[in-house]
Amino acid sequence: MKLAAKSKQDKMLMCWALYSFLGLVLLVFLYYLGISTLWVYELQQLMMGAPMYLPEDAAMLSPIAGFILTIILTCSLTGALLMMHTIWRRLGILLWFLILLAGAVPVLSLWGVFYNALSPMISCTFAGMLVLIFPVKK
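Residues numbered from 1 in each chain as written. Predicted model: local features only at pLDDT ≥ 70, side-chain atom pairs only at ≥ 80, totals over all residues. Heavy atoms only, no water.

### Details of unusual backbone geometry
- That bond from A50 to P51 is cis: its omega, 0 degrees, falls within 30 degrees of zero.
- Looking at the element boundaries, P51 is found in the loop between α2 (35-48) and β1 (59-60).
- Positive phi outside glycine occurs at Y53, with the angle close to 50 degrees.
- Taking the relative accessible area as the measure of exposure, Y53 reaches 57% and is therefore exposed. (Helix = DSSP H or I, 4+ residues; strand = E, 2+ residues; numbered from the N terminus. Buried < 20%, exposed > 50% of the residue type's maximum accessible area, 1.4 Å probe, protein only.)

### Some points on a nonpolar patch on the surface
- On the surface, a nonpolar cluster with roughly 660 Å² of combined accessible area is contributed by F29, Y32, L33, I35, L38 and W39.
- Within the residue set of the nonpolar patch, elements represented by two or more residues are α1 (8-33) and α2. (Patch = residues over 30% accessible without salt bridge, like charges linked within 9 Å, V, L, I, M, F, W, Y side chains within 5 Å. Areas by Shrake-Rupley, 256 points an atom, 1.4 Å probe, with all protein chains shown as cover. Salt bridge = Lys/Arg side-chain N within 4 Å of Asp/Glu carboxyl O.)

### Let's talk about the layout of surface pockets
- Each pocket or cavity is described by its volume, and for the largest pocket that value is around 470 Å³.
- Lining the largest pocket are 18 residues, with Y31, P63, F67, N116 and S119 sitting closest to its centre.
- Elements with a contribution of two residues or more to the lining of the largest pocket: α1, α2, α3 (63-83) and α5 (118-133).
- A total of 5 residues in the lining of the largest pocket trace back to one element, the largest contributor, which is α3.
- Residues belonging to the lining of the largest pocket are distributed by class as follows: 11 nonpolar, 7 polar and no charged.
- The calculated volume of the second largest pocket comes to roughly 190 Å³.
- Within the residue set of the lining of the second largest pocket, elements represented by two or more residues are α1, α3 and α4 (87-110).
- When grouped by side-chain class, the residues that make up the lining of the second largest pocket number 8 nonpolar, 1 polar and 3 charged. (1 Å grid on protein atoms, 1.4 Å probe; cavity = no way out; pocket = protein on both sides within 12 Å on 5 of 7 lines; lining within 4 Å. Points joined across faces, edges and corners; volume = space filled by probe spheres on them. Nonpolar A, V, L, I, M, F, W, Y, C, P; charged D, E, K, R; others polar.)

Here is the structure:
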């Protein structure tokens, strides 16, 4: 990828902003199409069944708080991945991050709280894949 930046720090900053923004744009696009709301409904129905038995009136994050949390997680993961030197380390960090994020859903449902981890997972996965495919060159 050819960028107009001069130093490596400028290139990393530009890639960080671009990849994070594109991950969030994908999330907004899926929300606009209605796909992500359908996935959230299906996830909530799955958590209401056995073995979690999440109540129908379970507490949830507000959509604004969820989007702000998604912005923070996407930007921090993208920045951390851009700092890594090897592709295997980036891939390992991305996979562990997604596993821990997916693990938050059943843990919080045991306390009667529904957490929509699909939004941050979609955004972080797309931004992480961009970091893996288009790394910053010297």
